[in-house]
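# Fold and contact review
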Amino acid sequence: RTVYLNGEYLPEEEAKVSVFDRGFLFADGVYEVTTVLDGKLIDFDGHAMRLSRSLNELEMKNPISKEDLLEVHRELVARNGIEDGLIYLQVTRGAADRDFAYPKDAEPTIVLFTQAKPGLSTSPQAEVGIKVIGIEDQRWGRRDIKTVQLLYPSMGKMMAKAAGCDDAWLVEDGFVTEGTSNNAYIVKDGVLITRHLGHEILHGITRAAVLRFAREAQMKVEERPFTLKEAQGADEAFITSASTFVMPVVEIDGAAIGTGKPGAVAARLREIYLEESRKAAV
Ligand code: PLP
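Rules used in this analysis
- Residues numbered from 1 in each chain as written.
- Predicted model: local features only at pLDDT ≥ 70, side-chain atom pairs only at ≥ 80, totals over all residues.
- UniProt positions renumbered as here; feature names shortened; annotations may be inferred.
- Near = placed C-beta within 6 Å.
- Helix = DSSP H or I, 4+ residues; strand = E, 2+ residues; numbered from the N terminus.
- Nonpolar A, V, L, I, M, F, W, Y, C, P; charged D, E, K, R; others polar.
- Core = buried A, V, L, I, M, F, W, Y, C linked by C-beta atoms within 7 Å.
- Buried ≥ 20, exposed ≤ 12 C-beta atoms within 10 Å, placed from the backbone.
- Domains from an automatic or database assignment.
- Contact = placed C-beta atoms within 7 Å.
- Pairing = 2+ DSSP bridges.
- Axes fitted to C-alpha atoms, helices over the stretch in contact; angles between N-to-C directions.
- Parallel < 35°, antiparallel > 145°, perpendicular 65-115°, else oblique.
- Right-handed = clockwise from strand over helix to strand, strands pointing away.

Per an unreviewed UniProt entry, the recorded name for the protein chain is Probable branched-chain-amino-acid aminotransferase, and the organism is Harenicola maris. Of the protein chain, the UniProt comment under Sequence similarities (unreviewed entry) reads exactly: "Belongs to the class-IV pyridoxal-phosphate-dependent aminotransferase family."

If you want it as structure tokens, here you go:
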């Protein structure tokens, strides 16, 4: 694979980052994951805008213009022959002598690499849905910033696997915030319910698109918190993320949701999302 590191395209074995990089020492960095379908980028603008926002919130320099970033994404897709897959992008504050205070003169480190995922959009998982468990949300309080500190979400995934499930929904003060790496939704009596934006959740790019399509399809949308108990009594549940699109949730803490099969609303939103995103892909 060819990867991109600080302005250069390199074979992955030759791409090296300093041991003093603050991404490594402090998780002082942010990332984005953009999906590629049929060799084209899904919602590139949304991811580029969120990257700028994350960097701003951390007073970090943006090392690349949006135009150049698009060019790098396209170049990696071409060089690595990606039809369906993901592009991972990470910007850290760079290398500096270890100190908690932000260094004044560090140059940001920017890395992009690709992951081929043949058949990404035809995942058989969407036909059967996923099972989730509820766990306490023990992440830090600025989840709207897409930082590389992903240890608790990793622990959550492991807890889910240990329970024979696919993922965990995180619960804070009795209410679901989101999934370990996705936004969480329920459907009750035709109303789509998902937590409102704030510091408590990541502002999903897929979430924004799906809510827009739902409203265009005349669905009623409520952006508010919900409990695990309300979710267990819902007609449907699902998650969204760049890499899973719209993925039905059929079980929460052992309780079947609705019929225990993927719901019609989730299936329809998945179809609309894939169709519209493909049309708008760059
Ligand atoms: N919430 C969290 C915690 C995430 O890590 C992610 C994606 O990585 C999402 C939500 C979904 O965001 P997006 O739709 O932009 O992929």
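Moving on, there is more to tell.
## What to know about the site of the ligand
Close to the ligand lie 13 residues; Leu202, Gly204, Ile205, Thr206 and Ala242 are nearest. Counting residues per element, the ones that place at least two in the shell around the ligand are helix 6 (205-216) and strand 13 (236-241). Counting residues per element, the shell around the ligand draws most heavily on helix 6, at 3 residues. When grouped by side-chain class, the residues that make up the shell around the ligand number 4 nonpolar, 7 polar and 2 charged.

## Thoughts on the nonpolar core
Core analysis: the biggest nonpolar cluster contains 58 residues, and Val132, Ile186, Ala237, Phe238, Val246 and Val249 have the highest contact counts within it. Take this core: its biggest share by element is 6 residues, from strand 14 (residues 245-252). Both domains that meet at this core, namely domain 1 (2-119) and domain 2 (125-280), each give it at least three residues. Leave out the neighbours within four places in its chain, and Ile186 touches Ile193, Phe226, Glu230, Ala231, Ala234, Glu236 and Ala237.

## Topic: the sheet that holds strand 2 (residues 8-11)
If you walk across this open sheet you meet the 6 strands as 2-1-6-5-3-4, and the pairing is antiparallel. Across the chains shown, the open sheet's two edge strands, defined by having one partner strand only, are strand 2 and strand 4 (40-41). Across 8 bridges, the pairing between strand 5 (residues 85-92) and strand 6 (residues 109-116) is antiparallel. Considered in strand 6, the bridge of Gly85 is made with Ala116. Against the sheet, helix 2 (residues 44-57) contacts strand 3 (29-37), strand 4 and strand 5, and its axis sits at roughly 180° relative to strand 3.

## Describing the packing of helix 6 against helix 8 (residues 264-280)
For any two helices packed against each other, one specifies the crossing angle of their axes together with the interaxial distance. For the pair helix 6 and helix 8, the least separation of the axes is 10 Å and the interaxial angle reads 110°. In terms of axis orientation, helix 6 runs roughly perpendicular to helix 8. In this structure, helix 6 uses Ala209, Val210, Phe213 and Ala214 to contact helix 8, whose residues at the interface are Leu269, Ile272, Tyr273, Glu276 and Ser277. Broken down by class, the residue content of the contact of helix 6 with helix 8 amounts to 7 nonpolar, 1 polar and 1 charged.

## Considering the domain arrangement of the protein chain
With domains assigned, the protein chain is organised as domain 1 (2-119) and domain 2 (125-280). If you average the C-alpha positions of domain 1 and of domain 2, the two centres end up 26 Å apart. Facing 21 residues of domain 1, the contacting portion of domain 2 comprises 13 residues. Here the element with the most residues in the side of domain 1 that touches domain 2 is strand 3; it accounts for 8 residues. In terms of residue class, the side of domain 1 that touches domain 2 is built from 8 nonpolar, 8 polar and 5 charged.

## Some points on the environment of Ser181
Inspection of the secondary structure assignment puts Ser181 in the loop between strand 9 (175-179) and strand 10 (183-188). In this structure Ser181 comes out as buried when scored by C-beta crowding, with 20 C-beta atoms within 10 Å. Separated by 14 residues in sequence, Ser181 and Asp167 have C-alpha atoms that sit 8.8 Å apart.

## Focus: the pairing of strand 8 (residues 167-172)
Consecutive side chains of a regular strand alternate in pointing toward one face of the sheet and then the other. Taken together, the 5 bridges between strand 7 (residues 130-136) and strand 8 define a ladder with parallel strand orientation. In the sheet register, Val132 faces strand 8, and the bridge partner there is Asp167. Once the chain exits strand 7 it traverses helix 5 (residues 151-162) before rejoining the sheet at strand 8, and the crossover so formed is right-handed. Pairing of strand 8 with strand 9, which is carried by 3 bridges, proceeds in the antiparallel orientation. Bridging across to strand 9, Trp169 finds its partner in Gly179. Linking strand 8 to strand 9, which pair antiparallel, is a turn of 2 residues; within it Asp173 sits at a positive phi near 50°.

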